[in-house]
Structures are given as C-alpha cells and as structure tokens.
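Chain and residue survey
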Amino acid sequence: MIEVRNLVKRYGDRLAVDNLSFTAEKGRIYGFLGPNGAGKTTTMNIMTGYLGPTSGDVIVDGRSMLEEPEEVKRYIGYLPENPPLYIDMTVSEYLTFAAELKKIPKSRQKSEIQKAVEYTFLQDVNGRLIRNLSKGYRQRVGLAQAILGFPEIIILDEPTVGLDPKQIMEIRDLIRNLGREHTVIFSSHILSEVQEVCDHVLIIHHGKLLANGTPEELERQMKNTTLELTVRSSSPEQVKNMLVAIPGIVSVAEDKNDQPGQVSLKIETEPDTDPRDDIFYACAENRNPILTLRGLDMSLEQIFLSLTTDNVQPASSSVLKQFGKQEVEES
Amino acid sequence: MMAVYKRELRSYFNSMIGYVFIALVVAIIGIYFMANNLVGGYPRFSHTLGSIVFIFLIAIPILTMKSMAEELRFKTDQMLLTYPVSVTKVVLGKFLAMVTVFAVPMLLAALCPLIIAFNGTSYLATDYATILAFFLLGCLFISVGLFVSALTESQIIAAFGTFGLLLLLFLWPQLVSYLPTSAWGTAVALLVIVTCIVFLLYSMTRNKLLSLIVEAAGLVAIVVAYLLAASSFDRLLPRVLSSLSCTKVLDNFAAYNVFDLGGLFFYLSCTALFVYLTVQAVQRRRWN
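What counts, and at which threshold
Residues numbered from 1 in each chain as written. Chains lettered and ligands numbered in written order. Predicted model: local features only at pLDDT ≥ 70, side-chain atom pairs only at ≥ 80, totals over all residues. Heavy atoms only, no water. Domains from an automatic or database assignment. Pairing = 2+ DSSP bridges. Helix = DSSP H or I, 4+ residues; strand = E, 2+ residues; numbered from the N terminus. Contact = heavy atoms within 4.5 Å. Axes fitted to C-alpha atoms, helices over the stretch in contact; angles between N-to-C directions. Buried < 20%, exposed > 50% of the residue type's maximum accessible area, 1.4 Å probe, protein only. Lys, Arg positive; Asp, Glu negative; His and termini not counted. Salt bridge = Lys/Arg side-chain N within 4 Å of Asp/Glu carboxyl O. Parallel < 35°, antiparallel > 145°, perpendicular 65-115°, else oblique. Left-handed = near helix turned anticlockwise from the far one by under 90°. Nonpolar A, V, L, I, M, F, W, Y, C, P; charged D, E, K, R; others polar.

Once that is clear, we can look at the domain arrangement of chain B. Segmenting chain B into domains produces domain 1 (2-174 + 245-287) and domain 2 (183-234). One C-alpha centre belongs to domain 1 of chain B, the other to domain 2 of chain B; they are set 35 Å apart.

This is the structure in structure tokens:
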C-alpha cells in the first residue's frame, strides 16, 4: 500500500534518515519505535509530503509522492507530533475546513465529519473554540482531522503523548479499530503500547531501520541468545577459557556471585544455535558441576534496548546482522 | 484554494487585525478627504489618495505579518502541506483573503468621489482610475508582506521586515538620486551589484566554482562594456532603477492625471513575482 524507498534526509551535515526502506500493507498496524531523535518524525514528515527527501521516494498505490503529490496525499491522513490546530476556530469549524481542504464532496462532508467526531468522542466539545480545549481534547481534534474521510493510510506521530490513562486506552482502541481496514502507522516510545497494539514493529535508530517484523518474530529471533550459568569452581578464569572454546558462544562475562566456590557467568550465544549440550559436557569433563543453566528470554523492551544502545554488545551486533539480512530480503 | 481563502478571511474578522486594519485605513483616508476635499474644497479625490501612500507603511505590515508566520509558529503548515492541495493554492488563498480585507476600505473610499460630485464639480474618471492604481499598489505591498511573512515564524520580525522593505520602496526615488551618475562610478556600482548577486548565489548553491565563474564573467563583461562604450554607462543606474519606482506610477495617476496602463502592468507583475517568491520560500523550507 505504502512503500518507502531508500529514503535519505540530510540536514546540513547531519543525516536524519539514512537509506530507509520498508513497505506497509493494508489492514495492518505498524509501530515505529526508536529513541528520541532517531528519525521517526522526519520519516513520517517525508511520508506525508510535509518535507522533501534528499533522495528516495514514497510510493502509494503505485504513485510517487514526488511526482503526484496532490494525488498521493488524498490517500494519507496525518496527525503530526503537535496537532496542527487553528486555535481561533471551533471544533466543527475546524473539521469543516479540513473536509473542504481534503476535497470531500459537499454532500458527504456532514456525515464524514459526524463519523470522525463520533470516532474520537468529540461530541461534547463540537461548538467550543479549540483555544479553550485541554491537551487531551486537542489531541483528539488532531486525530479527528487525520481520520476525516477515512483515508487508506493513517499516520500518527506519538498519538498518546500527553493523554491521561483512560484517553490512552481509548486511542489504542481507536487505532485497533482503524487497523482492520486501513494501514495505520504510528510512532511511539512506549514499548508496551507498541507490543499491545501493533501487528508489526519497525525499530529505527540514527535514521536506520534496525529491525522489522512482528513482535513475536522479533522475540523468537532474540530468544536464547543469553544464557545464565552457575558452576561450582574456584577459578572463574579457567571456566571462562573453557567456555569460550565452545563453538556458538560469542562472549562470556562474569556475573556477581557471593557464594564461595561458585562462579556465575552470562553467556552470549549466536542466534539459532544451542550450545547447552556442549556446555554440559565441557563442565562435566572439567569437573565443574553445573548448579544452574537457563536461557534468558528477551522481551521487546530488551530487544529495543540492545538494538538502540550505542555501544553495541557483541550479541546484539550478531542479531543486527541477522535483521539486516532480513531487511534486504524484504526490500 | 476556496477553503483556505474562507478560513483566512474569517480569521481576520474573528481577531482584531481585520478591524484594526480597516479602521486605520478608513480613518486616514477620511481625515485627508475631509481636510483636502470637504473643508479645503479641492475637487480632486485623486490628489488626496496620492498624498496618503504612507498609510501602507503602517497598515500593510499589520495585515500581512501573521499570514505565513503564524502557520509556521503553530505548525498548522503541517496540515496545509500534507493535505491534497498545492502550495500555490494555499498562498493564493491567503493573498486573496488579504486583498479582500483591503478591498473593504477601498470600497468606502470609492464613495468619496460621489460625495464630491453631489456637491459640485468632480473628476470621476481620474478619481476612480487613481483608486484603481492605489488598490493595485496596495496589492503589490500585500504580496511583499506575504513574502516577508513566509521567511520567519515571528510575526514581529515579519511586521518590521515588511515595514523596512516598504520604506525602501517608498523612498526609492530619493535613494536612487544618490547613486553615482558618472560612467566609472556606475561601473564600480555594477561590480558591487554583481558581487552581491554572486554572494547570494553562493549562499544558495554552496558551489564555489560556479560562483567564481559567474563573478569572473560579470567582471569581464563590465570591463569590456566599459572599454567599448563608456558613454552608455552614463547615468545608467539612476535611469534603470528609477523606472522600478513603485510610487511613480501612482503619481502619474494622482498628480498628472495620466492613465498609466504600463504602470498598472508593472504593479500586477511585481505582485505576481512576490506571490511566486512566497511559494518558493515555502517550498525551500520543505527541502532544506
């Protein structure tokens, strides 16, 4: 439905978006994850035609944003980070203006506005000046203009920021509803929100796409890359040397253990390998009885942290490589 | 375009700006009309209009300062630029809304010649021609204000910038008379102008080679032209630049009772140029 092709955006010397490519399909909800300044907003601004890319293009339904901007923009509804509201208008005046600007035929304007208002629970404030509305209501008015006319692609930049918990729930429900028939792309830095709402997660850091897949996929791929091992031994060095020799183990780090005669270690393994058998035999051979050995599952949160921490650890770099491969395949 | 036009027009009358602007222009026209025509007994309204061009210096910045700057400040430009409407239509909608606000005091001014006619001899043709020229000059100044407003997100800077630019245009004939008239002085002045243009070019393209080539070409052209035909450099700058005077056209209407058709085209094309520059300024922001 919407395809981002090799997007690059350069501000002077700073590279805000670095060769970003992905495709978003109809009927799915995409979550844009990334730390502050990762390039989420810039990417969204380019996808909606607000900014021009340094190079690359955005293709909607086979049409290019660069060549036919007015046509392409009809398909897109956008809620920017700060809702673009004219505070000197009432909610209904504002939505009428939005409907006219979206070129919704006059005969359908009333019913479309009515639908958007009901969807965003704005009935009570319809006649009030936007100037006098609270932050939560303003956010909803912004959302109402984005979904007005129900464009096929709805892009929301941090739609739940500044809302109270009840409003956040409402907006999440709304996104889920929209996601049934539309392509919804929204950015957030709240991981639980992304995990709960999205079918698909895109992790962006320094303008690059680091991971692209469903939350379950990402978790599966990251699973068992960290093992926790405690053995009886008096020499941590000896155990370390023994383990590093085992194929499939990337690194071994000593963990804290106050018990005398015990050594705890964190072992990073390559994904899709399971060196636990080898560890068992190696420990047996060296007469270091295993006290505990367990795999640590990574939550989306840990995936996010390991991918977006700048001093990338060996384990995550191997995961990176893997995601990188997948990304190439997808594009 | 109609949506933007209607919204802008409504916003001028929802806030004080529209009323303040209209009141100011009507008040000044009224005072001068009373002093010159009603009390003074002079039958030509065109002279009255010709002597109150200064009102633009104060009134136009009030009208235009928020036009583009406010969109940037409240980020509502994000809405306009991501909707299926072209930048040109947005800018035109805004421009036409301001022209409409300006048309209100002009319609009131259009009654003045009739008042004179009821009380004695009047010169309706020159009066209405002058009202037309005055209106088009106002439109030109509005487009200048629109352009300045697109360059900043601060209304105050937009207002002062517009005031400065309009003051320059207002004083243009006097300033031009200070330019060098001798041939070699003109050559030096041209060189300075070329250098300024090259500097502008460089700041936009960051292309050293291109800038150097243009600078060198300009230098060679000026030197060669000076050596071949120094006499054509005589008074060249004042001659060319004084023809760009905005107020001269209105003077032709108001003071000399001449219907300066070319002058009206000059107003219209300059207006179009500044509207175009406004569109470019908005686009440039998108691509930077």
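So, on to the sheet that holds strand 4 (residues 55-60) of chain A. Residue and element names in this part refer to chain A. Taken in spatial order, the four strands of this open sheet run 2-1-4-5, and their pairing is antiparallel. The outermost strands of the open sheet, each flanked by one partner alone, are strand 2 (14-24) and strand 5 (63-64). In the sheet, strand 1 (residues 2-11) pairs with strand 2 via seven bridges, with the strands oriented antiparallel. Paired with Val-4 across the two strands is Phe-22, which belongs to strand 2. Packed onto the sheet, helix 1 (residues 40-47) meets strand 1, strand 2 and strand 4 and runs at close to 120° relative to strand 1.

So, about the sheet that holds strand 6 (residues 76-79) of chain A. All names here are of chain A. Pairing in this open sheet of six strands is mixed, and the strands run 6-7-8-3-9-10 from one edge to the other. Two strands close off the open sheet at either side, each with one partner strand: strand 6 and strand 10 (208-213). For this sheet, the mean inter-axis angle between neighbouring strands, taken without regard to orientation, is 15°. Across four bridges, strand 3 (residues 29-33) lies against strand 9 (residues 200-205) in parallel orientation. Note on strand 9: the bridge partner recorded for Phe-32 is Leu-202. On the sheet, helix 6 (residues 165-181) packs against strand 3, strand 7 (153-157) and strand 8 (183-188) and is oriented at approximately 145° with respect to strand 8.

By the secondary structure assignment, Glu-71 of chain B is in helix 5 (residues 69-73). In contact with Glu-71 of chain B, other than residues within four places in its own chain, are Tyr-86 of chain A together with Glu-8, Lys-66, Thr-76, Asp-77, Leu-80 and Lys-94 of chain B.

Residue and element names in this part refer to chain B. Within the element layout of this structure, Asp-127 appears in helix 9 (residues 124-150). The charged side chain of Asp-127 is buried without a salt bridge, its nearest counter-charge being Arg-44 at 5.7 Å. Excluding residues that lie within four positions of it along the chain, Asp-127 makes contacts with Pro-43, Arg-44, Phe-45, Ser-46 and Pro-113.

With that out of the way, let us pick up the packing of helix 7 (residues 87-109) of chain B against helix 15 (residues 261-287) of chain B. Residue and element names in this part refer to chain B. Close contact between helix 7 and helix 15 brings their axes to 9 Å; oriented N to C, the two are set at 130°. Here helix 7 lies oblique to helix 15, going by the angle between them. Relative to helix 15, helix 7 is oriented so that their crossing is right-handed. Each of Val-87, Thr-88, Val-91, Leu-92 and Phe-95 in helix 7 lies in contact with helix 15, whose residues at this interface are Thr-271, Val-275, Thr-278, Val-279, Val-282 and Gln-283. Among the residues making up the contact of helix 7 with helix 15, the classes are represented as seven nonpolar, four polar and no charged.

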